[in-house]
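Next come the chains, spelled out residue by residue.
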Amino acid sequence: MLNTFKKIFTVGIVTENYKAPHDAELETLGIEIKRRIDQKFTGSLAIRAVDAGSCNGCELEIHALNNPFYDVERFGIHFVASPRHADVLLVTGVVSRHMQTALLRTYDATPNPKWVIAMGDCASCGGEFGTSYANCGAVSNVIPVDMTIAGCPPTPLVLLKALLAIMEKEK
Amino acid sequence: MSWQKAFLSQLVETEIFVKSEQILPAVKLWQIDDKHWQRFAEIAAENKMRWAAGWAEQIDRQFYVHACFEKSGRYILLRATVNVSKPEIPSQATVYAAANRSERHTHDMFGIEFLNHPDPRCWTRHKAWGKHDYPLRHDFSVHGLPTEITPPDTGYHFIQSHGVGIYEIPVGPVHAGIIEPGHFRFQAVGELILNLEERLGYVHKGTEKIAEGRTPEGLAKLAGRVSGDTCVSHAWAACMAMEQAAGVEISLRAVLIRGIFAERERIANHLGDIGAICNDVAFTFAFMQMMRLKELWCRTNYELFGHRSLMDKIIVGGVAVDVTEAASKFMLTDIEQLRAELADLISAIDLNSSLEDRIYTAGYLSPETAAHFGTLGFVGRASGQDFDVRRDAPYAPYDSVAVKVAAENQGDIASRFWVRYKEINASMKLIEQFIEQLENLPEGDLVSNWQTPKAESYGLGIVDGWRGEIISYVRFGENNTIARFYPRDPSQLNWEALEKAVLNNIVPDFPVCNKSFNCSYSGCDL
């Protein structure tokens, strides 16, 4: 037990400060916002991550958001286990046809108002896999998308900035 | 090899005639008659050969059916041809459980009938294409004829069980955590798991089909996305196969850099997995600390090489980025730091009795079962399968160093945990050795000149990824384009072993059992 406490104290707090990006910054980060979260929003964001045909590269970076450097929960952002608890669907992957119905049902199960973020090149525009007999391509081919984040995969920093940006009120 | 001679004479005794050809130092191509396909497997099993991979391809009006076997670091690439008009071949899955899903995949993609196959259900195909359509046949267009909305796959017959108090738990494809999609069907009594059946294929992205017609550069990119946590090793295996086919030698410098990248990938994933195993038994301290170390490791990748998981850094003919002297120094200090951190952490984790209580004896995979399914990587090594391509069929740069393989026999979650930890240490040593070799090298080319390979030439890339042996088959067509690409991720074999490892465990322990295997969905569904 002493080892544990010693490590906690010697490591200290590694969490870094991040602010929501300026509008000019969004483009360089590869973030495109079609619709922000509206005024009624109280500042806490529940996200349901849906892998709809990703290679698992994006998932690794979503995981990283929860590490102590980014510590996403301090911004009121948390990942939930059911779409019924979610405000936002964070969708990765090129939407394989085998996942199409599952994604549609997940979307339907998410209560209104809801937002959809397409994360990564595959989800934003089809990426390396594109549309084929096996894939529907970009997420917007299947459900309405409110934000896209480019990158293969987007870094956790870009992802975090994107989440902060969609929560920012329209100026 | 002496066992091959004995094996061959045994085959001749049973009147199986083999056309043998040495295609690589460690690989022989054996061509046999299709009717002997199953009999061959029986003799191979008697000779304790491991069934490693299976795939097919269409050449004009014929299918080449392949199976890859291994023993003592020597591979046999077995081939038989069948006619497109009557595509039938006896199944090897009756002998090798490892061949089961692979043959079903081949059936779904090519329509090749594996006679007497123990499981006639489809595997990769859900409802995205018709029962009598076969995506990898030449007459199937890459766009297919999809309906606007692909219906869910409702007709799959899961094993049923009946009895008082037995109930069924369907899980997925969309899981509660941030993980890939797949379906698990549990039969349970109280908390005890009686049976688990996996139903995968949800992330089938047509990887094999969309590889066709690509350039070598394009294939390297696609291979890096077969499984996003294995970008380096899958790209390496595919590039190795392409380089063999084209007869392109890559420079020693490039090969050492590939080795460094592959070991960095192994360390990153093992750090994350160790943390995630602790997280699944609610030991947050270890989870956060390991995630912190992984983040630091990925940041070094980004700063030195421009990508956190080194995607697209292995390119055909070499590597996309150099390891400068400054980068080497940086990595060496990084390794020193990681060693010191792990020393602190592992002693703290090791002393934790509640962690011990959860991971010792849970998720037990016996050495026999592990061998039965041909399990690979840390899953196999934790259950007595002492095999590592880097040591047993070494390829450059591993042929210049001594690779220490961590093998254990306990077969539980703890064992898989400790094998990972030992592999991290071994990988750090390997990186140090590669850096040392690199320092003594004059600056060399990072990328060798590409030569257009002859049409129909092929290669077989075999590397040890962080999950274990990866086998990548590439055949070229006309004009420098890819005619066939098949990557066999180690998960394909490890997934089936997971079904057995969870038996008699409690349902709430499934996540940690699953994590200790950490199989790839994407790499398996393709």
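Here, the structure is the one placed above.
Residues numbered from 1 in each chain as written. Chains lettered and ligands numbered in written order. Predicted model: local features only at pLDDT ≥ 70, side-chain atom pairs only at ≥ 80, totals over all residues. Heavy atoms only, no water.

Another point: the overall build of chain B. When its secondary structure is counted, chain B shows 17 helices and 15 strands. Over its C-alpha atoms chain B spans a radius of gyration of 23 Å, differing by no more than 12% from the 24 Å that the globule rule assigns to 526 residues. Seen through its C-alpha atoms, chain B measures out along the principal axes to roughly 70 × 65 × 55 Å. For chain B, buried positions account for 63% of its 526 residues. Across chain B, the fraction of contacts at a sequence separation of at least 24, relative to all contacts at a separation of at least 6, is 69%. Averaged over its 53 positive side-chain charges, chain B has a centre that lies 2 Å from the centre of its 68 negative ones. (Helix = DSSP H or I, 4+ residues; strand = E, 2+ residues; numbered from the N terminus. Rg over C-alpha atoms; globule rule 2.2 N^0.38 Å. Buried < 20%, exposed > 50% of the residue type's maximum accessible area, 1.4 Å probe, protein only. Contact = heavy atoms within 4.5 Å. Lys, Arg positive; Asp, Glu negative; His and termini not counted. Charge placed at Lys NZ, Arg CZ, Asp CG, Glu CD.)

Check the secondary structure of chain A and you find 6 helices and 6 strands. For chain A, the N- to C-terminal ordering of α and β elements is α-α-β-β-α-β-β-α-β-α-β-α. Counting only C-alpha atoms, chain A reaches 55 × 40 × 35 Å along its principal axes. Expressed as a percentage of the 171 residues in chain A, the buried residues total 61%. Taking all contacts inside chain A whose residues are at least 6 apart in sequence as the whole, residues at least 24 apart take part in 83%. Counting only carbon and sulfur atoms, one obtains 54% of the accessible surface of chain A, whose full area is about 7,000 Å². Across chain A, the centroid of the 16 positively charged side chains sits 5 Å from that of the 18 negatively charged ones. (Areas by Shrake-Rupley, 256 points an atom, 1.4 Å probe, with all protein chains shown as cover.)

Next up on the list: the packing of aromatic side chains. Residues and elements named next belong to chain B. Counted under the stated rule, the structure contains 29 aromatic pairs over all chains. Here the aromatic rings of W55 and Y473 are separated by 5.0 Å at their centres, their planes lie at 40 degrees, and the arrangement is tilted. Of this pair, W55 sits in strand β3 (residues 50-59) while Y473 sits in strand β14 (residues 468-476); the two residues are 418 residues apart in sequence, bridging distant segments of the chain. Between Y395 and Y398, the aromatic rings sit 5.1 Å apart at their centres with planes inclined by 70 degrees, giving edge-to-face as the arrangement. Note on accessibility: Y395 and Y398 belong to one class, buried. Put simply, the rings of W3, F7, W30, F40, F69 and Y96 pair up and form one aromatic cluster. Lying across the ring of F387, R50 places its NZ or CZ 4.5 Å from the centre. If you follow R264 out to its NZ or CZ, it ends over the ring of W297, 4.0 Å from the centre. (Phe/Tyr/Trp six-rings, centres within 6.5 Å; stacked < 30°, edge-to-face > 60°. Lys NZ or Arg CZ within 6 Å of the ring centre and 35° of its normal.)

What follows concerns helix α8 (residues 284-305) of chain B. For an α-helix, 3.6 residues make a turn, and residues three or four places apart therefore share a direction. Residue and element names in this part refer to chain B. The terminal C-alpha atoms of α8 lie 31 Å apart, and with 22 residues this matches the ideal 32 Å at 1.5 Å per residue to within 8%. The element α8 is extensively covered by neighbouring structure, given that 16 of its 22 residues are classed as buried. Trailing α8 by a residue or two, G306 shows a phi angle of about 90 degrees, which is positive. (Expected span 1.5 Å × (residues − 1).)

Below, the discussion takes up the nonpolar core. Counting 175 residues, the largest nonpolar core has F69 and F261 of chain B as the members making the most contacts within it. In terms of nonpolar packing, the next biggest core, distinct from the first, is built from 33 residues, L26, M119, V158 and M167 of chain A among them. (Core = buried A, V, L, I, M, F, W, Y, C linked by side-chain atoms within 4.5 Å.)

Another aspect to go through is the interface of chain B and chain A. How large an interface is tends to be reported as the accessible area lost when its parts come together. On the side of chain A, 53 residues touch chain B, which itself brings 66 residues to the contact. With both chains or domains summed, chain B and chain A bury close to 4,700 Å², and 61% of this area falls on carbon and sulfur atoms. The tally of links from chain B across to chain A stands at 6 salt bridges. For the salt bridge of R214 of chain B with E128 of chain A, the shortest nitrogen-to-oxygen distance reads 2.6 Å. (Buried area = accessible area lost by both parts, 1.4 Å probe. Salt bridge = Lys/Arg side-chain N within 4 Å of Asp/Glu carboxyl O.)

Residues and elements named next belong to chain B. Taken N-terminus to C-terminus, the directions of helix α14 (residues 413-439) and helix α16 (residues 510-517) make an angle of 35 degrees; their axes are 9 Å apart at the nearest point. Regarding α14 and α16, the two cross each other, and that crossing is left-handed. Between α14 and α16, the residues in contact are I413, R416 and R420 and V512, C513, K515, S516 and F517, respectively. Of the residues contributing to the contact of α14 with α16, the split by class is 4 nonpolar, 1 polar and 3 charged. (Axes fitted to C-alpha atoms, helices over the stretch in contact; angles between N-to-C directions. Left-handed = near helix turned anticlockwise from the far one by under 90°. Nonpolar A, V, L, I, M, F, W, Y, C, P; charged D, E, K, R; others polar.)

A few words on the sheet that holds β14 of chain B. Residue and element names in this part refer to chain B. Pairing within the open sheet is antiparallel, and its 3 strands lie in the order β13-β14-β15. Of all strands in the sheet, those with a lone pairing partner are β13 (458-465) and β15 (482-488), marking the two edges. Strand-to-strand twist across the sheet, computed as the mean angle between neighbouring axes with direction ignored, equals 15 degrees. Here helix α6 (residues 231-246) sits on the sheet in contact with β13, β14 and β15, set at roughly 150 degrees to β13. (Pairing = 2+ DSSP bridges.)

With that out of the way, let us pick up the pairing of strand β4 (residues 62-71) of chain B. All names here are of chain B. Most of β4 sits inside the fold, with 8 of its 10 residues counted as buried. Alignment of β3 against β4, held across 9 bridges, turns out to be antiparallel. Pairing of W51 across the sheet is with F69, part of β4. Linking β3 to β4, which pair antiparallel, is a turn of 2 residues; within it D60 sits at a positive phi near 50 degrees. Bridge count between β4 and strand β5 (residues 74-83): 10 bridges; the pairing is antiparallel. The residue of β5 that forms the bridge with A67 is L78. What sits between the antiparallel neighbours β4 and β5 is a turn of 2 residues, in which S72 has the positive phi angle 50 degrees.

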